Amino acid sequence: MAGEKRKGLQLLDFWVSPFGQRCRIALDEKALPYEYLEQDLGNKSELLIRSNPVHKKIPVLVHDGRPVCESLIIVQYIDEAFSSSSSLLPSDPYARAQARFWADYIDKKVYDCGTRLWKTKGEPQQQARKEMVEILKTLEGALGDKPYFGGDEFGFVDVAFVPFTAWFLTYERFGEISVEKECPKLAAWAKRCGERESVKKNLSPPEKVYEFIATLKKKFGIE
Amino acid sequence: MWASPMAIRVEWALRLKGVEYEYVDEDLGNKSEALLRYNPVTKKIPVLVDDGKPIAESTIIVEYIDETWKDGYPLMPADPYERAQARFWARFAEDKCNAALYPIFVTTGEAQRKVVHEAQQCLKTLETALKGKKFFGGDNVGYLDIIVGWFAHWLPLIEEVSGASVVTDEELPLMKAWFDRFLAVDVIKAALPDRDRLLALNKARREQLVSSA
C-alpha cells in the first residue's frame with residue numbers, strides 16, 4: 001500500500017451528489033478520462049477515509065495518487081492542472097473573483113436551504129421556501145440576460161449550480177416552489193445547460209432525485 | 001471595520017504586495033450607502049474596491065489581489081496541487097475552526113471546558129498543515145497564513161477575555177510557535193488593531209453575550 005501511487009484520475013463519488021456531479025461535469029468539459037468509483041456512504045471505504053481523513057466525504061479527486069477534496073476546489077484544481085484545454089474560469093482577475101463569489105454563494109446557500117425544504121414542515125418549511133425563492137432570484141439577477149453566468153461561455157459558476165437543477169422537481173414537489181414561475185430566466189438557463197453533453201451525461205434524472213429524497217424522508221420518518 | 005479579522009486579511013495581502021490603499025471604516029450598526037451598493041448580496045465587509053469595481057469575501061479578495069498584482073510577492077503557491085491544499089485548509093479554518101472558537105467566547109465553566117476541547121481538536125487538525133514548515137506557506141508567509149493569521153492576534157485575546165486556555169505549548173506546540181513567528185513579521189505587525197482597544201471591545205461583548213445566554 002505504502003508508496004503505491006496510482007497514475008491517472010479517480011473520482012470517489014456518490015451517484016446523486018450534486019457536488020460530485022460538478023466534478024464529473026468539469027472532467028468531461030476538459031475531456032479528461034477518469035475512473036469513477038461509487039462510494040457506499042453507509043459503509044465508508046478505506047480508500048475514502050484515507051483520501052479524505054479530515055471530512056470523510058465525497059467527492060474526492062485522486063490524481064496520480066494524491067487526493068483533492070471539496071468540489072469547488074476540485075473543479076479549480078482540474079482547471080489549473082490541465083490548463084491546456086478550455087478554461088472553466090475566466091482569465092481576467094476581476095471576472096475570476098466574481099465567478100468565485102457566486103460559486104461560494106451557491107455553496108453556502110443552496111444545499112442547506114434545499115435540505116430544509118424537504119426535511120421540515122410547518123413554519124420552518126415556510127421559512128425555507130421564502131429563503132429559497134430569494135436565493136434563486138438573487139442568482140437569476142446575477143445571470144441577467146446572459147446565456148451563462150460567465151457570459152457567452154459555459155463556465156465555473158454554471159458548473160457549480162447546474163447539478164442543483166436536477167433538484168428543482170424535488171423542491172417543487174416537497175417545497176411547493178416552481179422555478180419556472182418564480183425565475184423563468186433561471187429555468188431557461190437550466191434548459192440551455194441541459195443540452196450540453198457533459199451535463200446530459202452527468203446529472204441525475206430529476207425523478208430519480210425525487211425518489212431518492214422520498215426514500216430518505218420515509219427513513220427519517222418525515223411524512 | 002477596525003476590529004474585523006476578515007478585513008485584516010485584505011490589508012495583509014495588500015501590504016505584502018506593496019499596494020497602496022485607502023482604508024474606510026464601516027459602522028456595522030449603520031451601514032453606509034457605499035457598502036450596500038458595493039455588496040448588495042451579503043452587505044458584509046470587507047469589500048475591496050479596485051478602480052470602482054467591488055470584490056467581496058476576504059478569501060476571494062486575497063486571491064484577487066494575488067492575481068492582479070501577480071509580479072509582486074507571491075501569496076498563493078505556484079503548483080496547482082499546493083494551491084488546492086491551501087484552499088482546502090482555508091476552507092477548513094473558515095468553516096470548522098471559526099465555528100469551534102465562537103462557543104468558547106460565550107460559555108463558562110464546564111460548558112466552556114467542553115467547547116475548548118473541541119476547538120483544540122479542530123486546531124490540531126489544522127496544525128498538521130504546518131508540520132515541518134516555518135509558515136503555512138513554507139519559508140515565507142503565504143495565502144493560508146493570511147487567512148488563518150488572525151488567530152495569532154485574536155486567540156490569546158479571546159483566551160484572556162473568556163478565561164480559557166486553548167493554544168498551549170502542550171496541546172498545540174506548532175501553532176503556538178507559528179503565532180510568534182507570524183506576529184514577528186513586520187508587514188503583519190503593522191496592520192494589527194490596537195490590542196487594548198480590541199480587548200475592551202471583546203470584554204464588553206462577552207459580558208453581554210454571557211449574561212444573555
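Owing to the predicted nature of the structure, the values given are computational and were not obtained by experimental measurement. Residue numbers restart at each chain and count upward from 1, following the sequence in its written direction. Naming scheme: in the order in which they are written, chains are lettered from A and ligands are numbered from 1. Two thresholds apply to this predicted model, a pLDDT of at least 70 for residue-level local features and 80 or more for giving and counting side-chain atom pairs, whereas whole-chain, interface and lining totals are computed over all residues. Computation of side-chain values covers all heavy atoms of the structure but excludes hydrogens and water.

1. With respect to the interface of chain A and chain B
- Listed by partner, the interface residues are 26 residues for chain A and 26 residues for chain B.
- Once two parts are brought into contact, the accessible area they lose, counted with a 1.4 Å probe and summed over both, makes up the buried area. Together, the buried faces of chain A and chain B total about 2,300 Å²; carbon and sulfur atoms form 66% of this surface.
- Whenever a carboxyl oxygen of Asp or Glu lies within 4 Å of a side-chain nitrogen of Lys or Arg, that contact is scored as a salt bridge. In this assembly, chain A and chain B are joined by eight salt bridges.
- One salt bridge connects Arg100(A) with Glu67(B), and the closest N-O pair in it is separated by 3.1 Å.
- N or O atoms within 3.5 Å of each other form a polar contact, as long as, within protein, one can give a hydrogen and the other can take it, and as long as residues adjacent in sequence are counted only when both atoms are side-chain atoms. There are 10 residue pairs in polar contact (both at pLDDT 80 or more) connecting chain A and chain B.
- A run of H or I in DSSP counts as a helix once it spans at least four residues, and a run of E counts as a strand once it spans at least two, with each numbered from the N terminus. Looking at the side of chain A that touches chain B, the elements with two or more residues in it are strand 4 (66–69), helix 3 (71–81) and helix 4 (93–119) of chain A. Residue contacts are defined here by distance: any two heavy atoms, one from each residue, within 4.5 Å place the two residues in contact.

2. With respect to the state of the cysteines
Residues and elements named next belong to chain A.
- Criterion for a disulfide: a pair of cysteine sulfur atoms within 2.5 Å. Overall, the coordinates contain zero disulfides over all chains when judged by the stated rule.
- Sulfur of Cys183: no disulfide; nearest cysteine sulfur belongs to Cys113 and is 12 Å away.
- Unpaired in terms of disulfides, Cys193 finds its nearest cysteine sulfur in Cys183, a separation of 15 Å.

3. A look at the layout of surface pockets
Residue and element names in this part refer to chain B.
- Computed over the protein atoms alone on a 1 Å grid, cavities are sets of points where a 1.4 Å probe fits but cannot get out and pockets are open sets with protein on both sides within 12 Å along at least five of seven lines; a residue lines them when it has an atom within 4 Å of a point. Grid points are joined across faces, edges and corners, and a volume is the space filled by probe spheres set on the points. By volume, the second largest pocket amounts to about 600 Å³.
- Residue lining of the second largest pocket: 23 residues in total, with Glu22, Val24, Val47, Leu48 and Val49 positioned closest to the centre.
- Going through the elements one at a time, helix 1 (5–17), helix 2 (33–38) and strand 1 (47–50) are the ones with two or more residues in the lining of the second largest pocket.

4. Quick word on the packing of aromatic side chains
- Under the pairing criterion, centres of Phe, Tyr and Trp rings, with the six-membered ring standing for Trp, must be within 6.5 Å; the plane angle then separates stacked pairs below 30 degrees from edge-to-face pairs above 60, leaving the rest tilted. Taken as a whole, this structure holds 26 aromatic pairs over all chains when the rule is applied.
- Both rings, one in Phe136(B) and one in Trp178(B), keep their centres 4.9 Å apart while their planes meet at 80°; by these two values the pair is edge-to-face. With Phe136(B) in the loop between helix 5 (109–127) and helix 6 (143–148) and Trp178(B) in helix 8 (residues 173–184), the pair connects residues that are 42 residues apart, well separated along the chain. The pair formed by Phe136(B) and Trp178(B) is uniform in burial state, with each residue classed as buried.
- Site record: aromatic cluster; members linked through ring pairs are Phe19(A), Tyr111(A), Phe149(A), Phe161(A), Phe164(A), Trp167(A), Phe168(A), Tyr171(A) and Trp189(A).
- Placement of a positive charge over a ring is assigned whenever Lys NZ or Arg CZ falls within 6 Å of the ring centre and within 35 degrees of the normal to the ring plane. The cationic tip of Lys119(A) hangs over the ring face of Phe220(A); the distance from NZ or CZ to the ring centre is 4.7 Å.
- When the ring centre of Phe174(A) is taken as origin, the NZ or CZ atom of Lys217(A), which lies over that ring, is 4.4 Å away. Throughout this description, buried means an accessible area under 20% of the type-specific maximum (1.4 Å probe, protein chains only), exposed means over 50%, and partly exposed covers the range between.

5. Observations concerning unusual backbone geometry
- Cis geometry marks the peptide bond from Ile58(A) to Pro59(A); its omega dihedral reads -5°.
- Within the secondary structure layout, Pro59(A) lies in the loop between helix 2 (46–51) and strand 3 (60–63).
- Cis geometry is found at the peptide bond from Ile45(B) to Pro46(B), where omega equals 0°.
- Mapping Pro46(B) onto the fold places it in the loop between helix 2 and strand 1.
- The phi torsion at Lys56(A) lies on the positive side, around 55°, for a residue other than glycine.
- As for its placement among the helices and strands, Lys56(A) is situated in the loop between helix 2 and strand 3.
- Here Glu176(A), not a glycine, exhibits a phi torsion of approximately 55°, which is positive.
- Mapped onto the elements, Glu176(A) comes out in the loop between helix 7 (168–175) and helix 8 (179–182).

6. Describing the UniProt feature "domain: GST N-terminal" (unreviewed entry) in chain B
- Mapped onto this numbering, the UniProt entry annotates "domain: GST N-terminal" (unreviewed entry) at residues 1–73 of chain B.
- End C-alpha atoms of residues 1–73 of chain B are separated by 25 Å, and the span's content is 41% helix alongside 11% strand. UniProt positions are given in the numbering used here, feature names are shortened, and annotations may be inferred rather than shown by experiment.

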